[in-house]
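Coordinate inspection notes
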Amino acid sequence: MFVYQAAPNALAGKVILVTGAGDGIGKAAAKTYAAFGATVILLGKTTKKLEAVYDEIVAAGHPEPAIVPLDLKGATAKHYKDMAATITAEFGKLDGVLHNAGILGVLSPFEHIDLETWNDIMQVNLTSAMLLSQALIPVLKKAPHASIVFTSSGVGRQGRAYWGPYAVSKFATEGLMQLMADEYEGSVIRVNAINPGATRTKMRNRAYPGEDQLSLPTADSIMPVYLYLMSDDSLSVNGQSLDAQQK
Ligand code: NDP
């Protein structure tokens, strides 16, 4: 596991947006960021799930989060621009974005990949993160230091049979991270990625239905690297793709 221990108030005063915050790794990250003092903007598809995370954070006595229900599949550049305007009006700055939402699609032989599934996966896993980042750059620049974190995967670094569009979307995510990191080098914005590694979530279970889920680390247990990249302890880190379960 990536080793990092954050100070109790490491994220105090920071505003951090998490996509896919209603379930799995995104839910764990939102709760962790709030526990370390951040005001979290919970973005996701299913409002009920976001409300449940909101309730947990408030009940724990952490800063009150905001909820943004949004389906990244259908969202347009205008949705993201409007959201950025609301964040600017409400908070005045944004210190971090965790691009975590993702879909697996269907694992299938290359010859069976259909264009609709391909396009949906690219839209949710890649294009939405690009458009959201683009819209948020001005409000991120208002923070003293801002961290953009993308979510990669082992199949985003080494191709694997049958992982089709999901794998390609993660390769492209690594590329987007690298070019943005290079472009914003020297500015207040740093850009990195995390490969969570096999983690006990619904997505993992869909990819490996025969696997013993209890043998996998929980989303909560892989949080050190998620905290590290949002805290000021990682100010000099830019253009890196880190492994949450680094040996
Ligand atoms: P889950 O399926 O458990 O959670 C995915 C989250 O993304 C959910 O909150 C979901 O919302 C949200 N989401 C999906 N589609 C949309 C959409 N169209 N609009 C808005 N939100 C959406 O997955 P994980 O937590 O396992 O995965 C999180 C990230 O980690 C993904 O990027 C995944 O590719 C990556 N990853 C995961 C690994 C693992 O082993 N778990 C390994 C490597 C990478 P809702 O529930 O409302 O649909």
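In case you missed it, the structure is sitting above this.
Residues numbered from 1 in each chain as written. Predicted model: local features only at pLDDT ≥ 70, side-chain atom pairs only at ≥ 80, totals over all residues. Heavy atoms only, no water.

On to the environment of Gln-123. Tracing the chain through its elements places Gln-123 in helix 4 (residues 115–140). As a C-alpha pair, Gln-123 and Gln-213 span 90 residues in sequence and 28 Å in three-dimensional space. Excluding anything up to four places from it in sequence, Gln-123 contacts Leu-72, Lys-73, Ala-75 and Ser-128. (Helix = DSSP H or I, 4+ residues; strand = E, 2+ residues; numbered from the N terminus. Contact = heavy atoms within 4.5 Å.)

When its volume is computed, the largest pocket comes out at roughly 1100 Å³. Asn-100, Gly-102, Ile-103, Met-203 and Arg-206 are the residues nearest the centre of the largest pocket, which is lined by 46 residues in total. Where the lining of the largest pocket is concerned, the elements lending two or more residues are helix 1 (24–35), strand 2 (39–44), helix 2 (47–59), helix 4, helix 5 (164–184) and helix 6 (202–207). The element best represented in the lining of the largest pocket is helix 6, accounting for five residues. (1 Å grid on protein atoms, 1.4 Å probe; cavity = no way out; pocket = protein on both sides within 12 Å on 5 of 7 lines; lining within 4 Å. Points joined across faces, edges and corners; volume = space filled by probe spheres on them.)

The next subject is the side chain of Lys-170. Its location among the elements puts Lys-170 in helix 5. Of the buried charged residues, Lys-170 lacks a salt bridge, with Glu-174 as the closest side chain of opposite charge at 9.0 Å. Among the polar contacts made by the side chain of Lys-170, one reaches the main-chain carbonyl oxygen of Thr-151 at a distance of 3.0 Å. Once residues lying within four places of it in the same chain are set aside, the contact partners of Lys-170 are Thr-151, Ser-152, Ser-153 and Gly-156. (Buried < 20%, exposed > 50% of the residue type's maximum accessible area, 1.4 Å probe, protein only. Lys, Arg positive; Asp, Glu negative; His and termini not counted. Salt bridge = Lys/Arg side-chain N within 4 Å of Asp/Glu carboxyl O. Polar contact = N/O pair within 3.5 Å; in protein donor to acceptor, adjacent residues only side chain to side chain.)

Around the ligand, a shell composed of 32 residues is seen, among which Thr-46, Lys-49, Asn-100, Tyr-166 and Thr-201 lie nearest. Contact distances for the ligand include 2.8 Å between an oxygen atom and a backbone N or O atom of Asn-100. One of the side-chain N or O atoms of Lys-170 is found 2.9 Å from an oxygen atom in the ligand. Protein contact buries 93% of the 900 Å² of open area that the ligand shows by itself. (Near = heavy atom within 4 Å. Areas by Shrake-Rupley, 256 points an atom, 1.4 Å probe, with all protein chains shown as cover.)

Here helix 1 crosses helix 7 (residues 223–230) at 55°, and the two axes come no closer than 10 Å. Of the possible angle classes, the one that applies to helix 1 and helix 7 is oblique. Seen along the crossing, helix 1 lies across helix 7 with a hand that is right-handed. Residue-level inspection shows Ile-25, Ala-28, Ala-29, Thr-32 and Tyr-33 of helix 1 in contact with helix 7, the latter providing Met-223, Tyr-226, Leu-227 and Met-230. (Axes fitted to C-alpha atoms, helices over the stretch in contact; angles between N-to-C directions. Parallel < 35°, antiparallel > 145°, perpendicular 65-115°, else oblique. Left-handed = near helix turned anticlockwise from the far one by under 90°.)

Attention now moves to the sheet that holds strand 3 (residues 66–69). Reading across from one edge, 3-2-1-4-5-6-7 is the order of the seven strands in this open sheet, with parallel pairing throughout. Each end of this open sheet is capped by a strand with a single partner; those strands are strand 3 and strand 7 (241–243). When strand polarity is set aside, the average angle formed by the axes of neighbouring strands in this sheet is 20°. Bridge count between strand 6 (residues 189–195) and strand 7: three bridges; the pairing is parallel. Bridge assignment links Asn-195 to a residue of strand 7, and that residue is Asp-243. Packed onto the sheet, helix 7 meets strand 1 (15–19), strand 4 (96–98), strand 5 (146–151), strand 6 and strand 7 and runs at close to 175° relative to strand 6. (Pairing = 2+ DSSP bridges.)

On to the packing of helix 4 against helix 5, then. Running from N to C, helix 4 and helix 5 cross one another at 15°; their axes reach a closest spacing of 8 Å. With respect to each other, helix 4 and helix 5 are oriented roughly parallel. Helix 4 and helix 5 meet at a crossing whose hand is right-handed. Counting all contacts with helix 4, which are made through Trp-118, Ile-121, Met-122, Asn-125, Leu-126, Met-130, Ser-133 and Ile-137, the residues of helix 5 involved are Pro-165, Tyr-166, Val-168, Ser-169, Ala-172, Thr-173, Leu-176, Met-180 and Tyr-184. Looking at the contact of helix 4 with helix 5, its residues break down into 13 nonpolar, four polar and no charged. (Nonpolar A, V, L, I, M, F, W, Y, C, P; charged D, E, K, R; others polar.)

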